[in-house]
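# Working through the structure, step by step
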There are 4 protein chains.
Amino acid sequence: MRPRCRTFGLRLGVLETGPRNTIADVGEVRVGHVTLISGEGKLVPGTGPVRTGVTVIVPHRGNVLKDRPKANWDTINGCGELTSAVIMREFGLIETPIALTNTMCVGNAAIGLIEATMEANPEADAFIPTVSECDDSFLNDARGLHVKPHHVREALRAASDDIPLGVVGAGTGMTCCQFKGGVGSASRRVSAADGGYLVGALVVSNFGWREHLVIGGVSVGRELIAREKAKGAIPPGGAGSIVMILATDAPLSSRQLGRLARRSFHGLARLGSFSGNGSGDITVAFSTSNRVPYDAEDGVLTEQRLPDGRMNPLFLAAVEATEEAIVDSLFTAETVVGRDGNTSPGLPVPEVVEILRDHGRIV
Amino acid sequence: MRPRCRTFGLRLGVLETGPRNTIADVGEVRVGHVTLISGEGKLVPGTGPVRTGVTVIVPHRGNVLKDRPKANWDTINGCGELTSAVIMREFGLIETPIALTNTMCVGNAAIGLIEATMEANPEADAFIPTVSECDDSFLNDARGLHVKPHHVREALRAASDDIPLGVVGAGTGMTCCQFKGGVGSASRRVSAADGGYLVGALVVSNFGWREHLVIGGVSVGRELIAREKAKGAIPPGGAGSIVMILATDAPLSSRQLGRLARRSFHGLARLGSFSGNGSGDITVAFSTSNRVPYDAEDGVLTEQRLPDGRMNPLFLAAVEATEEAIVDSLFTAETVVGRDGNTSPGLPVPEVVEILRDHGRIV
Amino acid sequence: MRPRCRTFGLRLGVLETGPRNTIADVGEVRVGHVTLISGEGKLVPGTGPVRTGVTVIVPHRGNVLKDRPKANWDTINGCGELTSAVIMREFGLIETPIALTNTMCVGNAAIGLIEATMEANPEADAFIPTVSECDDSFLNDARGLHVKPHHVREALRAASDDIPLGVVGAGTGMTCCQFKGGVGSASRRVSAADGGYLVGALVVSNFGWREHLVIGGVSVGRELIAREKAKGAIPPGGAGSIVMILATDAPLSSRQLGRLARRSFHGLARLGSFSGNGSGDITVAFSTSNRVPYDAEDGVLTEQRLPDGRMNPLFLAAVEATEEAIVDSLFTAETVVGRDGNTSPGLPVPEVVEILRDHGRIV
Amino acid sequence: MRPRCRTFGLRLGVLETGPRNTIADVGEVRVGHVTLISGEGKLVPGTGPVRTGVTVIVPHRGNVLKDRPKANWDTINGCGELTSAVIMREFGLIETPIALTNTMCVGNAAIGLIEATMEANPEADAFIPTVSECDDSFLNDARGLHVKPHHVREALRAASDDIPLGVVGAGTGMTCCQFKGGVGSASRRVSAADGGYLVGALVVSNFGWREHLVIGGVSVGRELIAREKAKGAIPPGGAGSIVMILATDAPLSSRQLGRLARRSFHGLARLGSFSGNGSGDITVAFSTSNRVPYDAEDGVLTEQRLPDGRMNPLFLAAVEATEEAIVDSLFTAETVVGRDGNTSPGLPVPEVVEILRDHGRIV
C-alpha cells in the first residue's frame, strides 16, 4: 500500500476527517480482505493468472442478522449487481455484512455470507445476503471464479478497524480511469454543533477514462496525457464500475439513508466521472446506530432519527468522504500486471502531485 | 345518496368496520365536498353542462403544514396526475390536505389548497399541495374548467366526519365499470390483539368495463350483461382512473405507508380490474398518528412505528376497506345524465343483490 | 402431477388459452426442472430430508447472452431476492435464462447460470444472471444448500416445452395457502383482432393463508376450514413468497414489460392474497420477440413495439394466466412430507370442486 | 443579460457546442419567457414587489399533444414539484410543452398549458401538463401568485430559438449559491463518428451556498469570500432548487432518456453542489426525434433508438451542457433588488475571471 493522498498535502473538502480517516471510524465498522494473487503470463481460464479477492464490510460486532442495520441503496448507472436490492428497499435494512468481489463470483460470495450467518444463527434458514461487484477481467482470470465461499468467511475473520487500501481484497484486479484502482476509504466528522456524527466511505474503484480524471478540481488526467506522450499500452477505458459503501453513526431512517447514498454520486462526479454506460455505480448506505431487531413482532418500536433539516452536514460529509476514498484508491494502488501481461499502471503520484502544485491545489 | 352495500346484507372481507365505516373513523380525518351540477343538453364548452366537483381529505384538525402527516404513494398504472409525488417520496409526508377533482382542474385545486394554507400560515411562501384526479369528460364540460380555487376552500370549510358518498364532490362526473361511479369510503379495525388500529379508504371510482366487474367474488358484470339484453347506450369502458386514499392511525413510517398503499391494488383487483391502459390507479396513504413537525431543525426526533412483522392485519384491512369503498361508490351513486345527454346509469342494485343472493353471497 | 384445474371444468377468465396452456406456448420458451427429494424424518442439517429443486425458464433456443430478451420486473412486496434486479432496470433486458430455486441456494443457482453461459460463450467474462427464489425451509433442509450449480446446468439441458407442474423443480418444497404449492403455469391468447399475441405465466407458489384462499371468486379456503374441523396440523401460514414469470411474444419495450409485470399482481389478488409481510411477490416479464443484440455499438436499432393503447388485451391475459397458473400449482401438487415430518397437504381437490359446484362456479 | 462565460475565455468540458450554445440548437426547440418585475420596497403580499416569471420550453413546432416527445425524469433530491411525474414514468413521454415558474404558481402554469393545449386541440378534454418550479420568495412576493395562466400563453407565443438568459422568465427571482441565479442554457454536439447528435440544457438555478461554489474546478466561492471581507448582507444559502431540462435529437427510448437525465446530476456536482436538503434537483430529458403519435391504437410502431453502447458521448454532452448552463445562469444574471430590499447580487464576474486566471483555468 502506497501512501494516502493526505501524505502529500492534498486536502479534499472542508470537513475534518475521523481519527483513521476510513469507514472504520464509524461505530464498530470493520473491514476484512482476502486477496488472491497467483500466476503470471498467458490466461489459462480456470487456472489463472489470478488477480482478485473479496472485501467484507462488517457493520457491527454483534449478530447482524438479529440486529439489523437500517440501510438503503441507489444507483446512478445500474450496470452492475447488488444482491438484496429488492428486500433492502422493502424493509430498509441489511441482514448480513456486505461483501464486494468480482462480477462472476457474486454467487460464491453470497454463499459465503450465508454459511457464516448460518454458523452464527443455528436456527436461521432464510435470509438474503448483500453482495456487490466490479468486473476485474482485464487483469484477472474472471472465468476461473477464484473467489470461493470460504474466502468470504476468511475475510470476515480477518475484519479489523485497521484497513489496508489499494491492491487488496475486491480491489485487487480493478482499474480506474485507466490507472490501477482498488479499495479506498475515507471519513468525515460533522461539527459538534451539527451533532458530531461521522460518515465513512469505502469504495472499490473500477470506472472511467484517463482523459476525464479530475483530482481536486484539476484535470489531472489530461495533463498527465499531455506529459506522457505515448508511454505504451494503457488499460481500456470505461469498462468497470464503482461500488460505494457509506456508513454513518447518525440515526437515520432508511429513507434518509437513501438520501445519503445519493450524495455519493456527487463525490464520484468530483473525479470527473460521467457514469459511463458500462459502469455499475451503486451505493449502499447504512447506519450503525439505527438497528432493527429481528424478532420484533410485538409492541411498537421507538426509534430516533435526525430531522431532515439537519442532514446537510451529513450530505457534505458523504460527498467529501466518497471523493477522498476514490482518490485514495488511486494513490494507494501500485501497478499490477495480470493475465496475458495486461498491465494496470499505478497512478504516477509524483507527477500528479506536481500538477496539483502547479495549480495551487497543494501548497 | 342511495343506501350502502351493507344495507343489503353484503359483507366484504372478514374484519370489523369502524363506527362510521368511512375514512372519517380514522383519527380526526374529515372530508369535504363541493358538488357542481348545472345545465343540461348539448355541450357548450365553457358553459356546461357541468357535472363535476372537488373532494378534500383533511388529515387532522391542526395546521397541516406545521404538523405534517407521514405519507407515501404508489401506482399500479400511472395514467394520471398526483401533484407532490416527487416531494412526498423524498420526505415521506404531505404538507396540505389532499384534494381530488377532475383532470383539467388539478391546477385550480392546487391553487385552492395554496390559498387556504397561506391563510392559515401568514409566513408560508413555499410549499407543495397534494392533488389527484380522474377524468369526468364523459358527463362533464371538462374543457370548461369549472372547479375553481375557491371551491377547494369551500370544500375545506365543509369538511366533516359525516361523509356523503356517491354523486358528490370529485365523484360527481365519474363512471365506473360503465355504471355511475363516484365517491366511496369504508374502514376496517384490526383486532385489539393486533393493536386495534383503524384503516380507512376513500376512493373516487372511474375505471373499468362492465364485463369485468366483480362484486363479492361474483362476476356480477357479466351476469348483468346477460340479463339486460341491449338496454340502450352505455358509457364507454375503460376510460378513467381510480384514486384511492388510505388513512390509518397506526404509527407507520413513510416506507411502511408505501407498503400499505400498495395493498389498495389488491382491493381494486377484487373488483375485477386489470388496471386498464388509460387508468390512473394511484394511491396515497397517510398516518394520522405519525407526524413531522415543520421546523424540526434541532435535536433528534423520537418516533414510534410498528414493526413490519405486525403489518399483516393492516394490509388486510387496507385491502378490505378499498374493496368496500369501491363497491359502495357504485351502490350509492344514482344515474347521472350529463353533457350531450350522455348517461351514466346507476348500478342496478336490485338485480345485483339478486345475483349475489343466487350465488349465496348474500344470505 | 395431479390433473390441472381445467380437467374439472374450472374456467378462469374469459380469454382462450394457448395450445399447451403453459408458458411454453410463447415463442420458443422452454422450462427445465431438477427435483431433489431424498431422506425422511428428523432434520439433519446438511444431510436432509431434502425437498427442493431448481426450475429454469429458457427464453429462446439461441444464445441468450448474445440475443437478449427485453425484460423488466416489479414487486408488490419485495421480501425476496431477484438477482440482476438493478441491471434489468437499467438496460431493460436479461442476459441469461431465469433460474428459480430456494432462498439459500440463489448463489449456487447464479453460479450455475454463469457456468452454462460461459460454456456457450467462450469469451464472456462479465455478465449477470437472473435468479429468484422462495423459502422452502418448512419441508426442506434449507440449511443444507442442496441445490448446486450443476443442478442448474442439468435443468437447462432438461428444458422442454412439455412442462411438468406441481411438486417439481423449485416448487418441490413450497407451501401455498397452507396447502402444498409448487410450480404452476398457464397461457392466454388475445384475439386475432388484438394481434393474436400470447402471454404465458409460470409461478412458484409459496404464499398465504388457508383462510384467505379464493378460487374462481369463491372463498374456498374458509369453506374448507368449515368442513374440515381440525384434521390435525397444517403448515404455518404466510411464510413464503410467490415468484411469477411472464413471457409474451408481443413486441413490447422494457417499459411496457414493466407494465405487464404489474398485472400479475392482479392475478395474485384473485387468489385472495393481500401480499403478506414476509412474502416476496416478485414478477419478471420478458418478450420473446423483442431482443437486443449484445454487441450493438454501431448504428441505430430499429425496433417494433405495440402502442400502449393496444395493451389492454395483454394486461387481461397476464392477469388470467397468472391466476390460473397459481390455481394449477395448487391443483397439481400432491401432499409432501418433509423434514421433521412436516407435512404440506395437497389441496383437497374433490372438496374444492364440490364447493365450486355449490357456488355455480363449475357447471 | 450580461455576457456569457465563453466571452471571457472560459471553456467547460471538451466537446464542441452547437451553433447557439443553447437548448434551441436541438431540433426545433424554442424557449419563451414572460418576466414580471414591478414594485419596490416593503413586501405587501398580493401586491409586490414582483420579481418572478415563467419560462416555457417548446419541444417542436407541431402539435405537442398529438406528436408527443419521448421523455423521462429523475431527481437527486426531490424537494420540489414536477407535475406529470407519474404519467411521464408510465408512458415515457410528455403531452405539453414544459413550463417553469415559481413554486406557488405551478397550478396557474398548469392551467395556462391546459388552456393553450385546448386551443390547439378542440377535442382534447383530458391530458396532463408538465410544470416544474423553484422558490423565488427571497426576492419575490411569492404569496401574491403573480404568474397567471395567461402568462404561460404569452410565453408560448414568445417562444423563439433566440433565448435570453439570466434575469428572465422563471429565472427572474432566483438566487444561486447566494449570488443572483436565473436561466442558463448551453449545448454540446457529439462527434460525427458518434452520430453528430446534439444535447441541450436549460436550467433555472436557485440552489446552494457561496462557500461551496466551484467553477471550472476552482473553488471560486471560497476565494471570493476570502477577498470580499464582509461586504454587507448576502442572500441566505441553500434555500432553493435547480430545475434542469435536457433536449436531444438522438433517438432515445424513454428508458434511455432517464439515463440521460441522471447525467445532469454530474453536471450539477461540477458546481460544487451536494444537493442540499431543501433543494429540488429535478431533471426532465426529452428527445426531439423520438415521438409517439397520440392516436396509435392500431398496428405496431416502428421506432429507432441508439444502442446503449453508444450513449457515452451523449452522457458526457449532458454533463457538460448542464455544467455550462448553470455557470452561464450565474454569469448572465445581474443584481436584483427585490421585496423588502432583499438583494441577490450578480456574480462578480471580473473577480471570478481573475480567480480563474490565477488558477490557469482561463488563459
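Read on for a plain summary of the structure. Bear in mind that the values here come from a model prediction, so they are computed numbers and not experimental data.

How each quantity is defined
Residues numbered from 1 in each chain as written. Chains lettered and ligands numbered in written order. Predicted model: local features only at pLDDT ≥ 70, side-chain atom pairs only at ≥ 80, totals over all residues. Heavy atoms only, no water. Helix = DSSP H or I, 4+ residues; strand = E, 2+ residues; numbered from the N terminus. Rg over C-alpha atoms; globule rule 2.2 N^0.38 Å. Buried < 20%, exposed > 50% of the residue type's maximum accessible area, 1.4 Å probe, protein only. Contact = heavy atoms within 4.5 Å. Areas by Shrake-Rupley, 256 points an atom, 1.4 Å probe, with all protein chains shown as cover. Least-squares fit on C-alpha atoms with pLDDT ≥ 70 in both. Pairing = 2+ DSSP bridges. Salt bridge = Lys/Arg side-chain N within 4 Å of Asp/Glu carboxyl O. Polar contact = N/O pair within 3.5 Å; in protein donor to acceptor, adjacent residues only side chain to side chain. Nonpolar A, V, L, I, M, F, W, Y, C, P; charged D, E, K, R; others polar.

A few words now on the overall build of chain A. When its secondary structure is counted, chain A shows 7 helices and 14 strands. For 363 residues, the compact-globule estimate of 2.2 N^0.38 gives 21 Å, and the C-alpha radius of gyration of chain A, at 19 Å, lies within 12% of that figure. Viewed in the frame of its principal axes, chain A has a C-alpha envelope of about 70 × 50 × 35 Å. A total of 363 residues make up chain A; the buried ones form 71% of that total. Counting contacts in chain A only where the partners sit at least 6 residues apart, residues at least 24 apart contribute 81% of the total. Counting only carbon and sulfur atoms, one obtains 50% of the accessible surface of chain A, whose full area is about 10300 Å².

To continue, consider the relation of the copies chain C and chain A. Of the transformation superimposing chain C on chain A, the axial component is 0.0 Å and the angular component is 180°, with the fit at an RMSD of 0.0 Å. Taken together, the turn and the small shift mark the pair as related by a two-fold rotation axis. Considering only C-alpha atoms, the residue of chain C closest to the rotation axis is Gly107(C), which sits at 1.9 Å.

All names here are of chain C. With 7 of its 7 residues buried, strand β10 (residues 242–248) lies for the most part within the structure. Alternating residues of β10 divide into Ile242, Met244, Leu246 and Thr248 and Val243, Ile245 and Ala247, and every residue in both groups is buried. Relative to β10, strand β9 (residues 198–205) runs antiparallel, the two sharing 7 bridges. Bridge assignment links valine 204 to a residue of β10, and that residue is valine 243. Sheet topology note: the β10/strand β11 (residues 280–293) ladder contains 7 bridges and is parallel.

What follows covers the pattern of salt bridges. According to the stated counting rule, one finds 97 salt bridges over all chains in the structure shown. The salt bridge partner of Arg4(D) is Asp328(D), with a shortest N-O separation of 2.8 Å. You can see Arg4(D) sitting in the segment before β1 (30–38) and its partner Asp328(D) sitting in helix α6 (residues 312–332), a full 324 residues away along the chain. Accessibility expressed as a relative area gives 17% for Arg4(D), which makes it buried. Since its relative accessible area comes to 0%, Asp328(D) is described here as buried. Members of the salt-bridge network, linked through shared partners, are Lys70(A), Glu90(A), Glu303(A), Arg255(B), Arg259(B), Arg305(B) and Asp308(B).

The interface is formed by 42 residues belonging to chain B together with 41 residues belonging to chain D. Between chain B and chain D we count 2 salt bridges in total. A salt bridge links Asp125(B) to Arg339(D); its shortest N-O distance comes to 3.7 Å. Taken together, chain B and chain D are joined by 16 residue pairs in polar contact (both at pLDDT 80 or more). Mapped onto the side of chain B that touches chain D, the elements with two or more residues apiece are β3 (67–78), α1 (85–91) and α2 (106–120) of chain B. Sorting elements by how many residues they give to the side of chain B that touches chain D places α2(B) first, with 7 residues. By residue class, the composition of the side of chain B that touches chain D is 21 nonpolar, 12 polar and 9 charged.

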